[in-house]
Amino acid sequence: TIIPSHYEGFGMMTLESLDAKAPTITSDIPPQREILGNSGEYFDPHDTEALKMIMERFVSAPYRDSALKKQCAILSNYSWPNTAKEVYAFLDKTT
């Protein structure tokens, strides 16, 4: 999945892509870095040559599979049970 966004509020498309087992190439913007960290494949959304270079690397199945494995490892940080626990903990502190 290629996500060439200039702006994202959270980066839900990135998580949806990884949940579908699709390696993700995304704009180098803060919300994407917050989600993918060092596992991301980032490019400047104004630089088509940078995107082309990353896409060329992804033609290699071993590279693509390795990138996907690294990226999918972050999915456990964004499960519904974890979200529910965090919301409950927050609400418990505020009441």
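Residues numbered from 1 in each chain as written. Predicted model: local features only at pLDDT ≥ 70, side-chain atom pairs only at ≥ 80, totals over all residues. Heavy atoms only, no water.

## Some remarks on the pattern of salt bridges
Condition: Salt bridges are defined by distance alone: a side-chain nitrogen of Lys or Arg within 4 Å of a carboxyl oxygen of Asp or Glu. Working definition: helices are DSSP H or I runs of at least four residues, strands are E runs of at least two. Numbering for both runs from the N terminus. Each residue gets one of three labels from its accessible area relative to the maximum for its type: buried under 20%, exposed over 50%, partly exposed in between, using a 1.4 Å probe on protein chains only.
If you walk through the whole model with that rule in mind, you get four salt bridges. With a shortest N-O distance of 3.2 Å, Arg-57 and Glu-41 are connected by a salt bridge. Here Arg-57 is found in helix H3 (residues 48-58), whereas its partner Glu-41 is found in strand E3 (residues 41-43), with 16 residues between them in sequence. A residue is classified by how much of its surface remains accessible, and Arg-57, at 35% relative accessible area, is partly exposed. Overall, Glu-41 belongs to the buried group, its relative accessible area being 8%. A salt bridge links Lys-52 to Glu-49; the nearest nitrogen and oxygen atoms lie 4.0 Å apart. In this pair, Lys-52 and Glu-49 are both assigned in helix H3, three residues apart and thus about one turn of the helix distant. Note on Lys-52: relative accessible area 42%, which makes it partly exposed. Salt bridges sharing common partners tie together Glu-49, Lys-52 and Glu-56.

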